[in-house]
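Overview (structure and organization)
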Amino acid sequence: MSLLPSNLVPLRLQTLHHPPNPNRGLPYPIPILPYSRSQTPSIICAKRTGKQRYPSEKKKLKQKQKQTLTLTPVDNKFEGVWRLSKLGVPIHSDPGKDFLGVSPGLLQEIAKVIEFPVASMLPQDAFSIVRKSFDARKMLKEPKFVYTVDMDVSKLLSLEPRTWDFISRLEPKLGLIEHMPNERASGDLISIIHDSKKNPEDILTTENGHNIYSGSEQSYKCPTIKKTKIAVVGSGPSGLFASLVLAELGADVTLIERGQAVEQRGRDIGALVVRRILQLESNFCFGEGGAGTWSDGKLVTRIGRNSGSVQAVMKTLVHFGAPKNILIDGKPHLGTDRLIPLLRNFRQHLQGLGVTIKFGTRVDDLLVEDGHVVGVRVSDSRDKLQFNSQKLGYDGVVLAVGHSARDIYQMLLSHNMVLVPKDFAVGLRIEHPQELINRIQYSALATEVYKGRGKVPVADYKVVNYINGEDGGPSSNSGATGRNCYSFCMCPGGQVVLTSTNPSELCVNGMSFSRRASKWANAALVATVSTKDFETLGCRGPLAGMEFERKAAIMGGGNFVVPVQTVTDFMENRLSVTSVPPSSYRLGVKAANLHELFPIHITEALQHSISTFDKELPGFITSEALLHGVETRTSSPIQIPRNTDTYESTSLKGLYPVGEGAGYAGGIVSAAVDGMFAGFAVARNFNLLDSCIESSLGKAQSAGVVKY
């Protein structure tokens, strides 16, 4: 049988004589063949050079310059796993975005890397997909699906012994080929905790009435009869994961949520969208799952996609019903329709562990004795006057509220807690027809989208601009210099929704369902602001950004009508008398002068950045694009200082501020990771766990350097 594929013409054959190897048979001739380049039609796109390059393109150029670095030689190439990165499969050779297996096209790319002559002879079972993304950047000759693949050497040799010689010649290449001799797959959070309780050895000792089990990595202390009582305030990602850890480790956990469970919350949101009835405590911001429930459900993060902690969170979401493709997708997202049943499963698991969940319960105050939090005072969230408040005692309180719980900030200030103002971002939400974004990003390939059901994903974008006063930017006198402007929470195939928690304020966000089938694409376009920016408004304190929301409500005329302006009008500082293009926002829009909404230096920064974005995405500036005001809740305006190791507040003992509202996260994944580590920290503080979790989850992000 010939080893040559029919479409390859051999130029030379070379017989290799190999050293003795017990895992293979006698030496045999191995053909070494060059691979012919497939001749396929390519989509012609303009290449970007110099300052017009995408940030990812600049990163690639820098990476090429690092190829000269000396890599550590591999001691044993036949153990462990080889990770093969940046395997580009042309779109015509790939089954499409929803296929997560090893296709023949991918085997062709793997064969090129290991220089194996016949891709069809490579066993698919020896390879596992780590990451799959779609790359349609203009610098490419044709769009590709880009894979990261793990190659199990032992399995590969057992299934195809003739690959031994090719593995023996394989060498690491920076960013492309990596050898991992002791690769260890992390499990979901529940499995990790259960494994920490297991120990093949007997009980070693007894300490203060506790049986201590000692393992190689973690040891679990069985709690005494009187359980440690912990209150977790907020059922967003950080609160849910903190509750999960503490409950699994034996704490008596009470989860307090001012909003409603997802079933009732959905009905309340429906009443808002259809009848304009805003439930102050159950809306797009408050309720089970937090603000991320009725959003795009994005799971992208900057804290390390391959880290053990992020993988534990992702696999836990899969455990509760998320599709497995979030573990592989380069830009994973769930969509509101998938988040709702997931949260229901999460809730039922917590209740099965004995967690008491109090929906519709607002925390009005902390109970403090001698500088130590000993409980909380709560009331029915529908009771504005707090007539029927009650005091609940706890050994510790995990504060996992979102950044929209502004009354909590005021309450903390009443206890003389330190709240550190930090830079955040404000701006507008821009909406384009999704077909326009598809054409900008994919050119002729845009026809393959099919409203989220096609071969390629619905097109999105991410743009960033740093204004330094040069190259035609705003003058330094305007205050717009040294400011980042960027897109945030881009929702392809989504809609603009209301995130106000007060009828006198107006704030918008974006959401989408799992298929992203809407005919609109929206994203926040925001500029970073600091406390200095509010001096022109006469505002002070961490809640100064609320002024923009009040002004937007006035510009809209009330009744949750959103002020809008076409991008072309915004760029020219004018308001057309003609009607505005249609919007996905369902409560009505009104033409307004959005360029008057912010101080001049923020407006100029946004205008200059939009002009820059149009150079990167030609067609971005169009009369079909509509700006909606206002987007202010991109992240928390403050940070609550805490101890790096114990996660305890530096102002009040027994209080553990975590997640987005505390200024330590920004998104579903980073908030979940922060809540998870906080749960372990609280457990250690109350002698529920004596462990070093970094061995399986990696180290938590430093409290001094926050990445979202």
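As annotated in an unreviewed UniProt entry, the protein carries the name FAD-binding domain-containing protein and comes from Quercus rubra.

**Looking at the sheet that holds strand β13 (residues 390-393)**
What the three strands build is an open sheet, ordered β11-β12-β13; its pairing is antiparallel. Each edge of the open sheet is held by one strand with a lone partner, namely β11 (361-369) and β13. Direction aside, the axes of adjacent strands within the sheet are offset by 30° on average. Summarising the sheet, strand β12 (residues 372-380) and β13 pair through four bridges and their orientation is antiparallel.

**A closer look at the sheet that holds strand β4 (residues 177-180)**
Strand order in the open sheet formed by four strands is β2-β3-β1-β4, with antiparallel pairing between adjacent strands. Of all the strands in the sheet, just β2 (127-135) and β4 have a single pairing partner and so form its edges. On average, each strand axis in the sheet is inclined to that of its neighbour by 20°, with strand direction left out of account. In terms of strand pairing, β2 meets strand β3 (residues 144-152) through eight bridges, oriented antiparallel. Pairing of K132 across the sheet is with Y147, part of β3.

**Quick word on the packing of aromatic side chains**
Overall, the coordinates contain nine aromatic pairs when judged by the stated rule. With centroids separated by 5.4 Å and ring planes inclined at 85°, the aromatic side chains of F134 and Y442 adopt a geometry described as edge-to-face. Placement of the pair is F134 in strand β2 and Y442 in helix α11 (residues 434-442), with a sequence separation of 308 residues. This pair shows no difference in class: F134 is buried, exactly as Y442 is. Aromatic pair F548 and F598: ring centres 5.0 Å apart, planes at 75°, arrangement edge-to-face. In this pair, F548 is assigned in helix α12 (residues 546-556) and F598 in the loop between β23 (589-591) and α14 (600-616), connecting sequence segments 50 residues apart. With respect to class, F548 is no different from F598; both count as buried. Members of the aromatic cluster, connected to one another through ring pairs, are F134, F145 and Y442. One residue, K229, lies across the ring of Y394, its end atom 5.4 Å from the ring centre. The lysine or arginine in question, R258, covers the ring of F286, its NZ or CZ lying 4.4 Å from the ring centre.

**Let's talk about the environment of V300**
With respect to the helices and strands, the residue V300 is situated in the loop between α7 (262-275) and α8 (308-319). In sequence terms V300 and H333 are 33 residues apart; their C-alpha atoms lie 7.6 Å from each other. Excluding residues within four positions of it along the chain, V300 makes contact with K331 and P332.

**A closer look at the pairing of strand β24 (residues 626-631)**
Counting buried residues in β24 gives six out of six residues, a clear majority hidden from the surface. Alignment of strand β22 (residues 562-566) against β24, held across three bridges, turns out to be antiparallel. Considered in β24, the bridge of T566 is made with L626.

**Re the packing of helix α6 (residues 237-248) against helix α15 (residues 668-685)**
Axis separation between α6 and α15 bottoms out at 7 Å; the angle between their running directions is 35°. Taken as a pair, α6 and α15 cross one another with a handedness that is right-handed. In contact with P237, S238, F241, A242, V245 and L246 of α6, α15 contributes I668, A671, A672, G675, M676, G679, F680, V682 and A683.

**Focus on the packing of helix α5 (residues 189-197) against α6**
In the contact formed by α5 and α6, the axes pass within 10 Å of each other and the chain directions differ by 25°. Here α5 is positioned roughly parallel relative to α6, judged by the angle of their axes. Relative to α6, the crossing made by α5 is right-handed. Across the interface between the two elements, L189, I190, I193, H194 and K197 from α5 touch F241, L244, V245 and E248 from α6.

**Description of the environment of S93**
Summarising the element assignment, S93 is placed in the loop between β1 (81-90) and α2 (104-114). Each C-alpha atom, one on S93 and one on K144, is 9.1 Å from the other, the two residues being 51 residues apart in sequence. For S93, the contacting residues outside a window of four places in its chain are S103 and G105.

**Examining the side chain of S584**
Here S584 is to be found in the loop between α13 (567-571) and β23. Judged by relative accessible area, S584 falls into the buried class, the value being 6%. One polar contact links S584 to E431, side chain to side chain, over a distance of 2.4 Å. Those residues in contact with S584, other than ones at most four positions away along the chain, are E431, G494, Q495, V496 and W520.

**Quick notes on α5**
Buried within α5 are the following residues: L189, I190, I192, I193 and S196. The buried side chains of α5 occupy one side of the element, clustering within an arc of 165° when seen end-on.

**Here we look at unusual backbone geometry**
In this structure, V630 follows G629 across a cis peptide bond, with omega equal to 10°. Here the phi dihedral of Y450 falls at roughly 55°; this positive angle occurs in a residue that is not glycine. When you line up the elements, Y450 lands in the loop between α11 and β17 (464-467). With a phi close to 65°, F560 is a non-glycine residue in the positive phi region. Structurally, F560 can be placed in the loop between α12 and β22. Residue F560 is classed as buried on the basis of its relative accessible area, which comes to 8%.

Cut-offs used in this document
Residues numbered from 1 in each chain as written. Predicted model: local features only at pLDDT ≥ 70, side-chain atom pairs only at ≥ 80, totals over all residues. Heavy atoms only, no water. Pairing = 2+ DSSP bridges. Helix = DSSP H or I, 4+ residues; strand = E, 2+ residues; numbered from the N terminus. Axes fitted to C-alpha atoms, helices over the stretch in contact; angles between N-to-C directions. Phe/Tyr/Trp six-rings, centres within 6.5 Å; stacked < 30°, edge-to-face > 60°. Buried < 20%, exposed > 50% of the residue type's maximum accessible area, 1.4 Å probe, protein only. Lys NZ or Arg CZ within 6 Å of the ring centre and 35° of its normal. Contact = heavy atoms within 4.5 Å. Left-handed = near helix turned anticlockwise from the far one by under 90°. Parallel < 35°, antiparallel > 145°, perpendicular 65-115°, else oblique. Polar contact = N/O pair within 3.5 Å; in protein donor to acceptor, adjacent residues only side chain to side chain. Arc of directions from axis to C-beta.

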